[in-house]
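Given next are the chains, with one letter for each unit.
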Amino acid sequence: MGLELPKYPEMEEDNFVNFTDSEIVSHVKDALTSVLSGDSNSYNQLVAVMHHSKRLAPDEVALLETTLKALGGAVSCIDTTLHDSLLSAIFSMSMWNYGPHVADALAELIVSLAISNGKYLDLCLGMLVSNFTPPPYFLDKLKLPRGLERKGQVLSLVHAAFKKISDYIPLAPLRLSNIVLQGMPTIYHKDRAIVIYVENMLKLESGEIGELVGSTMLMAVVDQLIELDLEIGWDAILQDDFSKGIFEMELEDVDEVEESAEQDTGEFRLSRKSLAGNSIAELLDNLLVLTFEHLESCERAGRLAKVFETLLQSFQITVMSAYKSKFTQFVMFYACALDPDYCGMRFATMLADLFVQDSHPQPIRMSAVAYLASYLSRAKFLSASRISSMLKRLVDWCLEYGKTPDGDINPNAHRVFYSGCQAIMYVLCFRMKVFMDVPRLKMQLLMPMEQILKHKLNPLKVCLPSVVEEFLLQSKAACLFTVSKTFVFDGLLESELSRAFGGLERLDTFFPFDPCLLKRCDSFIRPMFVFWSMVKPTYDDAYDDDNDDGSSDDELIQDFVNENEDIMDDGVARSFDEQGLDLDEFDCALKKMSITPKNGFSYKFGGGFQEPTRMPCRIRPSTSPESL
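Residues numbered from 1 in each chain as written. Predicted model: local features only at pLDDT ≥ 70, side-chain atom pairs only at ≥ 80, totals over all residues. Heavy atoms only, no water.

An unreviewed UniProt entry annotates the protein chain as RNA polymerase I-specific transcription initiation factor RRN3 of Theobroma cacao. Recorded in UniProt under Sequence similarities (unreviewed entry), the annotation for the protein chain is "Belongs to the RRN3 family." (UniProt positions renumbered as here; feature names shortened; annotations may be inferred.)

Following this line, the structure appears as structure tokens:
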């Protein structure tokens, strides 16, 4: 039978199973206490049983299970000094090596040790945390049904043990949090081990002790995502041609993808940016998907709003302070997509608050408005009314700012102002048609742009040329205003002035919600995402009147009509009547309006302008050299 329990005269191997549980516990206690008298033979045999692990015969399995259960009833006799070798053997055991009966007995022993003496608490919690991940030899088995079944059994036992220990020791969750954080594998561990470890952290967040450890676990997961994110250098994903505008880049990707029918968009973009085969990118992709699935479970359980508050805190502390995070921010995007009414607007409001409040440092405010602009442009789940409410805050702030500063163009001194102006223009590149087709939105948002764009700080000259060019093309086609003096953009992405206001961080070229380049992550984001190919620019109206492609703009307009039926049609007239305005006089005034500021630029608002002189290239909001 191999190694066995101490053989007392009455306890022979053949009739071992005839002993009662209390008798077996008694014999194990005798083996433990015999060390005091200098007789360690029985004790050594007991320790040897703990080293049984792989390929056990049925009788060895029965012996190990029985011994573990007996030790659980004799924990009061275990001494940290006298029985150090026994404790070391127990804490080095892995539940992954055993079937459900032995693993269950081992988990019960660990719980008994933890609650019997405070000296064992950290050791017991550490042993359970070590069972988050399987031994290296078992990783490949996770691809098989039996391996997945073992995984479910082990993790259920581990998390049940945490709950039992916490019921007896209220401070245990605090100790557990520290141990989990200290035990997090580095990014250089095997990727499957890291994924399983993070899976357990999220399981703790949503588990029975989640109220005590949940926030810590979730924030640590985001920290892990950012660490991986920053390991992916921009060199692997930057566009090769910096002379092309941000919108052109995105459409190039789409066009080339269509030429390769065998690859989907996600696969193509990963290949084009040399991310395919990048182990760090693949690991980050898997962890993001794991986080998305966790958010889905939170939404089903009705607790997403609470979890989102932790995500917001983590976003401000971790993500916004990272230099141009590339992918981690899509956790926020996906959470907002799951609950646009609360999470979606909570996120937008937080970003707008950060931007308009002077108490925050300039880089934080500029980063916040970059996130906001990209979010408002790309979020398919946001209604026109919600987008307009956020955009109005930016327009109002820029109008107010324009009343205070003196002097001419100064990118360094007015960085926040220029970032706000660029954000407004960027959003309008995506959403202008929506606002032009809804009279109230046109009046509230687009008409005040005159005062901002004609300001002597001249945002049209300072902001990114690629954004300004697209904005002006659409504005001219929509008869919103036109520029009498031709800008020479040459399709350039950036200029010396835009680089100046962007600063060392190059926040002028930061568009954080550009299309996600991670294959699995993209499959979650894509249904809720606005690609440039889905946008119907205003200059397309002349060519596409007979081509109803069901664009995202059309959907937004219809959503706005549904939400605001009282202000559509005759409702618009009622709105003007309530304000004492005459529609005919208002329209006439618009057509006559002509403003000529300094520097030779002439802006005209209202109708009566010619169509664009050229068919603009279709562009993609890929957004920055970093616009992936």
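Q: So what exactly am I meant to see when it comes to the overall build of the protein chain here?
A: Secondary structure assignment for the protein chain yields 29 helices and 2 strands. Burial status across the protein chain gives 56% buried among its 628 residues. Within the protein chain, contacts between residues separated by at least 24 positions form 77% of all contacts whose residues are at least 6 apart in sequence. Carbon and sulfur atoms make up 50% of the accessible area of the protein chain, which totals about 26600 Å². (Helix = DSSP H or I, 4+ residues; strand = E, 2+ residues; numbered from the N terminus. Buried < 20%, exposed > 50% of the residue type's maximum accessible area, 1.4 Å probe, protein only. Contact = heavy atoms within 4.5 Å. Areas by Shrake-Rupley, 256 points an atom, 1.4 Å probe, with all protein chains shown as cover.)

Q: It is not clear to me how the nonpolar core should be interpreted in this structure. Could you clarify?
A: Side chains of a nonpolar character, in soluble globular proteins, are inclined to be buried together. Counting 194 residues, the largest nonpolar core has Met50, Phe162, Phe333, Phe347 and Tyr375 as its most contacted members. A total of 16 residues in this core trace back to one element, the largest contributor, which is helix H19 (residues 415–436). In this structure Phe333 touches Tyr375, Arg378, Ala379, Phe381, Phe513, Ile525, Met528 and Phe529, once residues within four positions along its chain are discounted. (Core = buried A, V, L, I, M, F, W, Y, C linked by side-chain atoms within 4.5 Å.)

Q: Can you help me understand the side chain of His414 in this one?
A: Checked against the element boundaries, His414 lands in the loop between helix H18 (384–401) and H19. What makes His414 buried here is its relative accessible area of 8%. Of note is the side chain of His414, whose polar atom sits 2.7 Å from the side chain of Tyr401. (Polar contact = N/O pair within 3.5 Å; in protein donor to acceptor, adjacent residues only side chain to side chain.)

Q: Looking at this structure, I do not really get the confidence of the model for the protein chain. What am I missing?
A: In this model, the protein chain carries an average pLDDT of 77, and 71% of its residues clear a pLDDT of 70 or more. Here residues 1–17 is modelled with pLDDT under 50, and outside its nearest four sequence neighbours on either side it reaches 34 contacts, counting other chains as well. Ignoring residues within four places in sequence, the model shows residues 251–273, a span with pLDDT below 50, making 42 contacts including any to other chains. (pLDDT = per-residue confidence, 0-100.)

Q: I would appreciate a short explanation of the packing of helix H13 (residues 279–300) against helix H14 (residues 304–319) in the present structure.
A: Any two packed helices are characterised by how steeply their axes cross, that is the angle between the axes, and by the distance between the axes. Packing of H13 against H14 leaves a shortest axis separation of 8 Å and a crossing angle of 140°. By the angle class used here, H13 and H14 are oblique. Judged by residue contacts, Leu295, Cys298 and Glu299 of H13 engage Leu304, Val307 and Leu311 from H14. When grouped by side-chain class, the residues that make up the contact of H13 with H14 number 5 nonpolar, no polar and 1 charged. (Axes fitted to C-alpha atoms, helices over the stretch in contact; angles between N-to-C directions. Parallel < 35°, antiparallel > 145°, perpendicular 65-115°, else oblique. Nonpolar A, V, L, I, M, F, W, Y, C, P; charged D, E, K, R; others polar.)

Q: Help me out: how do you make sense of the environment of Gln153 in this one?
A: On the secondary structure map, Gln153 appears in helix H7 (residues 145–168). Linking Gln153 and Gly99, residues 54 residues apart in sequence, is a C-alpha distance of 8.9 Å.

Q: Is there a simple way to think about unusual backbone geometry in this case?
A: Note: most peptide bonds trans; most residues except glycine with negative phi. The residue Asn458 is not glycine, and still its phi comes out positive at about 50°. Tracing the chain through its elements places Asn458 in the loop between helix H21 (449–453) and helix H22 (459–462).

Q: Help me understand the packing of aromatic side chains in this model?
A: Working definition: an aromatic ring pair is given by the centre-to-centre distance plus the angle between the planes. The full count for this structure, using the stated rule, is 28 aromatic pairs. With centroids separated by 6.1 Å and ring planes inclined at 55°, the aromatic side chains of Tyr375 and Phe381 adopt a geometry described as tilted. Residue Tyr375 shares its accessibility class with Phe381, and that shared class is buried. When the ring of Phe529 is compared with that of Phe531, the centres are 4.8 Å apart and the planes differ by 65°; the resulting orientation is edge-to-face. Residue Phe529 is classed as buried on the basis of its relative accessible area, which comes to 1%. We note Arg365 situated over the ring of Phe355; from NZ or CZ to the ring centre the distance is 6.0 Å. (Phe/Tyr/Trp six-rings, centres within 6.5 Å; stacked < 30°, edge-to-face > 60°. Lys NZ or Arg CZ within 6 Å of the ring centre and 35° of its normal.)

Q: I would appreciate a short explanation of the pattern of salt bridges in the present structure.
A: As a working rule, side chains carrying opposite charge can pair if their charged atoms are close by. Tallied over the entire structure, the rule returns 17 salt bridges. The shortest N-O distance in the salt bridge between Glu65 and Lys69 comes to 3.0 Å. Pair noted here: Glu65 and Lys69 are both in helix H3 (residues 58–72), with a separation of 4 residues, about one helical turn. The class for Glu65 is buried, based on a relative accessible area of 17%. Between Lys164 and Glu108 there is a salt bridge whose closest N-O contact spans 2.6 Å. Placement of the pair is Lys164 in helix H7 and Glu108 in helix H5 (residues 100–116), with a sequence separation of 56 residues. Take Glu108: its relative accessible area is 34%, and that puts it in the partly exposed class. (Salt bridge = Lys/Arg side-chain N within 4 Å of Asp/Glu carboxyl O.)

Q: How should I be thinking about helix H6 (residues 121–130) in this particular structure?
A: The periodicity of an α-helix, 3.6 residues per turn, causes residues three or four places apart in sequence to face the same way. Residues of H6 that are buried include every one of Leu121, Cys124, Leu125, Met127, Leu128 and Val129, and no others. Here the buried face of H6 lies against helix H4 (84–91), H5, H7, helix H8 (172–182) and helix H9 (191–206).

Q: Even after reading the chapter, I still don't get the state of the cysteines, so can you show me in this structure?
A: Linking two cysteines covalently through their sulfur atoms gives a disulfide. Evaluated as defined, the whole model comprises 0 disulfides. Its sulfur unpaired, Cys398 is 4.2 Å from the next cysteine sulfur, which belongs to Cys421. Owing to a relative accessible area of 1%, Cys398 belongs among the buried residues under this scheme. Of all cysteine sulfurs in the structure, the one in Cys516 sits closest to Cys521, which takes part in no disulfide; the separation is 3.5 Å. (Disulfide = S-S within 2.5 Å.)

Q: Would you mind going over H19 with me for this structure?
A: At Phe430, H19 shows its largest bend, some 70°. Most of H19 sits inside the fold, with 22 of its 22 residues counted as buried. (Bend = angle between axes of the 7 residues up to and from the residue.)

Q: Explanation requested: the environment of Leu464 in the structure shown.
A: Looking at the element boundaries, Leu464 is found in the loop between H22 and helix H23 (465–477). Given the relative accessible area of 0%, Leu464 is considered buried. When the C-alpha positions of Leu464 and Thr509 are compared, they lie 7.7 Å apart, and in sequence the two are 45 residues distant.

Q: Mind showing me how you'd approach the environment of Pro340 here?
A: Tracing the sequence through the fold places Pro340 in helix H16 (residues 340–356). Considering only alpha carbons, one finds Pro340 and Phe381, 41 residues apart in sequence, at a separation of 6.6 Å. Among all residues touching Pro340, those that are not within four sequence positions of it are Met345, Phe381 and Arg386.

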